[in-house]
Amino acid sequence: MNATPTAGPTTAGPTTAQSVWLVAEREIGSKLRSKAFIISFAILFVGALALVLWGGLTAQNTSGTPVAVTSDAQQYVADVPGVDVTDAASDAEARELVSAGEVDAAIVGDSASPTGFTVVAESSPPTNLLLSLSQLPTVELLDPDAGSDALGFVAAIGFGVVFLMAASLFGGTIAQSVVEEKQTRVVELLISAIPVRSLLAGKVIGNTILAMGEILILVAIAVVGLTVTGQSELLQGLGAPIAWFAVFFFFGFVLLATLFAAAASMVSRQEDIGSTTTPLTMLIMAPYFLVIFFYENPVVLGIMSYVPFSAPVGMPMRMFLGEAQWWEPLLSLAILIATCLGAIIVAAKIYENSLLRMGARVKLSEALSR
Amino acid sequence: MLRLQGLTKSYGERRVLDDVTFDVAPGRLTGFVGGNGAGKTTTMRIVLGVLGGDAGTVTLDGATVTSADRRRFGYMPEERGLYPKMKVLEHIVYLARLHGFGKADAESRARALLEDLGLGERLGDNIETLSLGNQQRAQIAAALVHDPDVLILDEPFSGLDPLAVEVVAAVLQERAAVGASVLFSSHQLDVVERLCDDLVIIAGGTIRAKGARDELRAAHAQRRYELVSTGDAGWLRDEEGVEVRDFDGGYAVFDADSDETAQRVLRRAVAQGDVASFAPQHPTLSQIFKEVIQ
């Protein structure tokens, strides 16, 4: 209707993809320039590095795993690397050495075992030993309920901490950035230019890219750290769980980020964020504590590996312990993705309804209505 | 032509807008005047689609305004806000790109506009380091950078020093001159009076007066005249139908009861001596405002 002084923009405005990417790009740029973000990432980085090195050193005494071997089983360990062989005169003597703690495991001849021998251990078989044997033998545990496997514990802490740190760091970040836009009222300008859903999608995508970048860096640390400390056998055992962890983390993160954005949109001031995001913080904390307390409990781990919020920690842990069938991660992933889609629909509604309501906290029922 | 028709909005029992109807014409500056809580911000938010009204329509050239149309609107919210930690230029470029401009185009526009607004020296500074007045200028740049067809500005002059008021006023007039419809609210009635072509006065959620500024003034004129003559105008006091408001030798301000009375006074004044000036005295905006909001 009017002559504009210079050529206007394309009449349709930016495409949805363009506006989503613009928002995502700004999210990433502003985080990479924030000192708080860089420092917290550096702490996580150093922590992960320390964990990998420490875990490697405790799990594997470089001299090898002490093993008692009876004469009829000598042939099976002759060319196995990383074992420190103690000869045992009889089956009973070998078992005694295990009970006394002088060796980590005993390898005894056993005609009933398909491999021709059985690994006898106190409470859990030394993972390195099993990994270095060419065939998986029968395992006999003398006292299955006692003790713990240092490496399993380290893996549990590793998955738990990384998920907890990354999810709470970025969950908090996205919540803050939603409220910042509300509090500074810049949101009025933004949504007069682009649809509310594009804004939400851009924020989630931007933060997901940052979080995934962080996870990939941490995975790289684990791989490089394990290789450098000469634990490539362990790496073979951890490789698949770590790769799955990254996949689960991706969807788990999108789920949490969307929910964090929705929860934050219900308040108008930074001080009030806690009132709506606390339940989500609990959801992040729970898998961490559960996996540390129950990493040896197959029932709890089994449940955890299917509940969407704890699956990113639970499923890789079960895979590491060798408890998961090949189809289990796929099923759990499908459940997670379905939950993720549902959450996006609900969260987008809450976000749309709450974004412009300044002042008092928006009630959940109001945010979901209309 | 942006047309608001019958806008109504209630919060619970409280009706904050009642049948608000007025036009914002292209190429003209429309001043939107009202006290605190009169309904200015609510009206503007409904026009921008930031808030939903209970009833009424907003149309642009006869068609209901869509979100695609609104992308061609420039908005300056009452509660100012930009990202505190973004750099001035970067921020305005970002907004221009959200409105659909390419990277290079957005940057050259943002740069030129910020320089016009006197922020040329501060392009690389974070928004939060700017003084209040400069943040205000950045906010105006945010509303203008995409060359909007319709400009909705809530209190664009608040917090500006007189020089900055001039800068901003000039920018708004420039936009109107190239055909944009500009609606702005202000508490500074003298600024509104000087700038605007059209006026809308709102009080208690209803429109009390609207129209071209000069017509409104004429409509609210009370047949008050100012006479400047060389002779002594003391005779005015004895004229029938005349009430003298101010008097000093040859200078007088008086109210006449009819146009005929005024013409009779003029003829007599000319008969008495040289008349330097005889003119109807228009009420100021603040006089009209006080009158209509009662």
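The rules we used
- Residues numbered from 1 in each chain as written.
- Chains lettered and ligands numbered in written order.
- Predicted model: local features only at pLDDT ≥ 70, side-chain atom pairs only at ≥ 80, totals over all residues.
- Helix = DSSP H or I, 4+ residues; strand = E, 2+ residues; numbered from the N terminus.
- Buried ≥ 20, exposed ≤ 12 C-beta atoms within 10 Å, placed from the backbone.
- Contact = placed C-beta atoms within 7 Å.
- Pairing = 2+ DSSP bridges.
- Axes fitted to C-alpha atoms, helices over the stretch in contact; angles between N-to-C directions.
- Domains from an automatic or database assignment.
- Nonpolar A, V, L, I, M, F, W, Y, C, P; charged D, E, K, R; others polar.
- Core = buried A, V, L, I, M, F, W, Y, C linked by C-beta atoms within 7 Å.
- Parallel < 35°, antiparallel > 145°, perpendicular 65-115°, else oblique.
- Left-handed = near helix turned anticlockwise from the far one by under 90°.

K.L.:
Got a sec to walk through the overall build of chain B? Specific residues and values, please.
P.N.:
Helix and strand counts for chain B come out as 10 helices and 14 strands. By principal-axis analysis of the C-alpha atoms, chain B measures approximately 75 × 45 × 30 Å. Counting only residues that meet the buried cut, chain B has 43% of its 294 residues in that class. Counting contacts in chain B only where the partners sit at least 6 residues apart, residues at least 24 apart contribute 67% of the total.

K.L.:
I'd like a description of the sheet that holds strand S10 (residues 206-212) of chain B, backed by residues and values.
P.N.:
All names here are of chain B. Reading across the sheet, the six strands line up as S6-S7-S8-S3-S9-S10 and stay open at both edges, with mixed pairing between neighbours. Only two strands of the sheet have a single partner each, and these edge strands are strand S6 (73-76) and S10. The mean inter-strand angle of the sheet, taken between neighbouring strand axes irrespective of direction, is 15°. Bridge count for strand S3 (residues 29-33) against strand S8 (residues 181-185) is four bridges, and the pairing is parallel. Considered in S8, the bridge of Phe 32 is made with Ser 185. Across the sheet, helix H1 (residues 40-48) is in contact with S3, S6, strand S7 (150-153), S8 and strand S9 (198-203); its angle to S7 comes to roughly 145°. The sheet strands contacting helix H6 (residues 162-177) are S3, S7 and S8, and the helix crosses S8 at an angle near 150°.

K.L.:
Talk me through the domain arrangement of chain B; I want residue IDs and the actual numbers.
P.N.:
Residues and elements named next belong to chain B. According to the domain assignment, chain B consists of domain 1 (2-218) and domain 2 (220-293). Here domain 1 and domain 2 have C-alpha centroids that lie 40 Å from each other. Opposite the 12 residues of domain 1 that make contact, domain 2 presents 11 residues. Grouping the constituent residues of the side of domain 1 that touches domain 2 by class yields eight nonpolar, one polar and three charged.

K.L.:
Break down the interface of chain B and chain A for me, citing the residues and quoting the values.
P.N.:
Across the boundary between the two partners, chain B contributes 33 residues, which contact 28 residues of chain A. Where the side of chain B that touches chain A is concerned, the elements lending two or more residues are helix H2 (67-70), S6 and helix H3 (88-98) of chain B. Examining the composition of the side of chain B that touches chain A, we find that four residues originate from one element, H3(B), more than from any other. In terms of residue class, the side of chain B that touches chain A is built from 18 nonpolar, six polar and nine charged.

K.L.:
Tell me about the sheet that holds strand S13 (residues 251-256) of chain B, and please be specific about residues and values.
P.N.:
Residues and elements named next belong to chain B. As summarised here, the arrangement of the four strands in space is S12-S13-S11-S14, forming an open sheet in which the pairing is antiparallel. Because the sheet does not close on itself, it has two edges, and the strands there are strand S12 (242-248) and strand S14 (275-280). Going across the sheet, the axis of each strand differs from the next one's by a mean of 15°, ignoring polarity. As paired elements, strand S11 (residues 224-229) and S13 share five bridges and run antiparallel to each other. Paired with Leu 227 across the bridge in S13 is Ala 252. Contacting S11, S12, S13 and S14, helix H9 (residues 259-272) runs over the sheet at an angle of about 175° to S14.

K.L.:
Can you tell me about the pairing of S14(B), naming the residues and giving the values?
P.N.:
All names here are of chain B. S14 sits mainly on the outside: zero of its six residues count as buried. For S11 and S14, the ladder comprises five bridges, and the chain directions are antiparallel. Across the sheet, residue Leu 227 finds its bridge partner in S14, namely Phe 278.

K.L.:
Could you give me a rundown of the nonpolar core, with the residues and numbers involved?
P.N.:
Residues Phe260(A), Ala261(A), Met317(A), Ile92(B), Ala141(B) and Ile152(B) are the most contacted members of the largest nonpolar core, which totals 154 residues. For this core, the leading source of residues is helix H9 (residues 232-265) of chain A, giving 18 residues. Ala261(A) has contacts with Ile174(A), Val178(A), Leu200(A), Lys203(A), Val204(A), Ala347(A) and Tyr351(A), leaving out every residue within four places of it along the chain. Of all hydrophobic cores here, the second largest spans 19 residues; its members include Val69(A), Tyr76(A), Ala94(A) and Ala121(A).

K.L.:
Before we move on, could you go through the packing of helix H1 (residues 16-32) of chain A against helix H8 (residues 196-228) of chain A and cite the residues and values that matter?
P.N.:
Residues and elements named next belong to chain A. Put simply, H1 and H8 touch, their axes get as near as 7 Å, and they point 45° apart. Taken together, the axis directions place H1 and H8 in an arrangement best described as oblique. Here the hand of the crossing between H1 and H8 comes out right-handed. Counted together, Thr 16, Ser 19, Val 20, Trp 21, Leu 22, Val 23, Ala 24, Glu 25, Glu 27, Ile 28 and Lys 31 of H1 and Ser 198, Leu 199, Ala 201, Gly 202, Lys 203, Ile 205, Gly 206, Asn 207, Ile 209 and Leu 210 of H8 form the full contact between these two elements. Grouping the amino acids of the contact of H1 with H8 by side-chain chemistry returns 11 nonpolar, six polar and four charged.

K.L.:
Outline the environment of Arg97(B), supporting the account with residue identities and numerical values.
P.N.:
Residue and element names in this part refer to chain B. Secondary-structure assignment places Arg 97 in helix H3. Overall, Arg 97 belongs to the buried group, with 25 C-beta atoms counted inside 10 Å. Residues Arg 97 and Arg 223, 126 residues apart in the sequence, show an inter-C-alpha distance of 54 Å.

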